[in-house]
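Residue-level structural notes
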Amino acid sequence: MLHISGCSAVDEKNASLSCIYAAAAVIAVLLLPLYLKLARSKSVWFVLLFSAVIVVNVGYFLLSVSLNLEQALMANRLAYLGSVFLPLSMLMIIINVSNTEYHKWLPGVLICISFIVFLITASQGIVGIYYREVSFKVVDGVSTLVKEYGPLHPLYLVYLLGYFVSMVVVIIRASVRSRLDSSAHAVILIIAVFVNIGVWFIEQLCNMQFEMLSISYIISEMFLLGVHLMVSETDRLKELAIEQQSAQDSVPVETANAENMTGVTDSADSGDDERLKAFMNGIETLTKTERLIFEAYIARLTTKEIMAELNIKENTLKFHNKNIYSKLGVSSRKELVEIYKTIS
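Below is a summary of the structure that appears in this document. (Residues numbered from 1 in each chain as written. Predicted model: local features only at pLDDT ≥ 70, side-chain atom pairs only at ≥ 80, totals over all residues. Heavy atoms only, no water.)

Quick look at a nonpolar patch on the surface
- Among the surface-exposed residues, Ile126, Val127, Ile129, Leu152 and Leu155 lie close enough to one another that they form a single nonpolar patch of about 390 Å² accessible area.
- Relative to the elements of secondary structure, Leu155 occurs in helix H5 (residues 154-176).
- For Leu155, a relative accessible area of 32% gives the class partly exposed. (Patch = residues over 30% accessible without salt bridge, like charges linked within 9 Å, V, L, I, M, F, W, Y side chains within 5 Å. Areas by Shrake-Rupley, 256 points an atom, 1.4 Å probe, with all protein chains shown as cover. Salt bridge = Lys/Arg side-chain N within 4 Å of Asp/Glu carboxyl O. Helix = DSSP H or I, 4+ residues; strand = E, 2+ residues; numbered from the N terminus. Buried < 20%, exposed > 50% of the residue type's maximum accessible area, 1.4 Å probe, protein only.)

Take a look at the structure:
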């Protein structure tokens with residue numbers, strides 16, 4: 001199990017593998033500008049993902065053509081640098097695509113942890129905590145490192161598995177709460193996560209002579225890019241509906257009430273005390289986020305303004321709306337505002 005780390009020794013490989021690593025690195029480099037051109041809205045996490053894949057593949061290539069131990073160690077550290085930040089960027093992309101809320105401090109904490117893990121993996125050849133001993137050799141024209149693992153080598157495996165478990169949990173949680181636009185998105189995200197896990201185990205079970213992770217990383221980012229583009233297109237179409245809704249919301253409530261005021265007024269005038277009491281009790285049961293949305297409705301903010309103020313997407317707002325309406329016993333924002341005016 002300790003070998004399932006993504007940067008294991010290459011050992012018996014032939015010289016043609018260097019060309020394959022070079023081709024993988026070129027493809028990785030080309031994918032970054034392709035993303036910048038195709039993506040309607042740019043994400044720093046996608047830029048980090050594509051950059052990390054480039055670094056990983058360049059590291060694999062440089063390791064295969066290294067001339068001495070020092071060069072091989074530097075190339076191996078470069079591969080680890082990309083490998084450490086890959087799961088971080090993948091997790092944040094999945095969180096954003098699935099409309100999952102998170103604390104603002106989370107990315108900073110994860111980045112700090114990534115740097116610590118990288119410093120430990122980069123200690124190879126300096127101190128014996130990650131690799132107890134490491135030597136250099138050339139097999140069939142391809143350079144490689146012969147490693148004896150140190151006491152902290154399992155840390156990287158735990159680091160990776162922790163990220164992948166988190167990704168799966170986020171995807172399942174988002175699917176259960178209907179925060180993904182479609183089941184197809186969930187399937188694609190799951191494939192993007194498990195393709196790398198599967199590659200690690202296949203490499204070990206089949207004793208493969210090629211680092212397939214250099215290819216699986218590219219496949220994963222293409223999967224994630226596909227989901228991102230689909231979500232972006234869906235958001236583009238939804239923006240048109242949001243703009244129309246915003247235009248309606250910007251009309252003063254008093255004016256809008258002239259069209260359909262009778263039902264609510266008659267209900268209030270008829271002395272529906274139970275409903276008003278249930279409404280007031282429901283306010284007390286709102287969560288922190290639901291209360292912020294409720295207050296935004298009372299303040300007559302538009303849908304677009306609420307999404308920008310709370311930094312949430314439309315699907316997340318709809319999810320909270322269902323809970324708010326259920327707790328307050330209303331069926332629309334207009335009804336919510338009218339009943340609140342009655343009790344205030």
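After that view of the structure, there is still more to cover.
Some details on the pairing of strand E2 (residues 142-149)
- Among the eight residues that make up E2, six are buried, leaving the element largely enclosed by the rest of the structure.
- With eight bridges connecting them, strand E1 (residues 131-139) and E2 associate as antiparallel partners. Among the inter-strand pairings, Ser135 is bridged to a residue of E2, identified as Val146.
- Hairpin connection between E1 and E2: a loop of two residues separates the two successive antiparallel strands, and Asp140 in this loop has a positive phi of roughly 55 degrees. (Pairing = 2+ DSSP bridges.)

Some words on the pattern of salt bridges
- Taken as a whole and assessed by the stated rule, the structure comprises three salt bridges.
- In this structure, the salt-bridge partner of Glu148 is Arg132, at a minimum N-O distance of 3.5 Å. Here Glu148, found in strand E2, pairs with Arg132, found in strand E1; they are 16 residues apart in sequence, far enough to count as distant.
- When its relative accessible area of 48% is taken as the criterion, Arg132 is described as partly exposed.

Description of the side chain of Asn321
- Along the chain, the position of Asn321 falls in helix H13 (residues 314-328).
- Under the relative-accessibility criterion, Asn321 is labelled buried at 13%.
- Discounting chain neighbours no more than four positions away, the residues touching Asn321 are Ile293 and Tyr297. (Contact = heavy atoms within 4.5 Å.)

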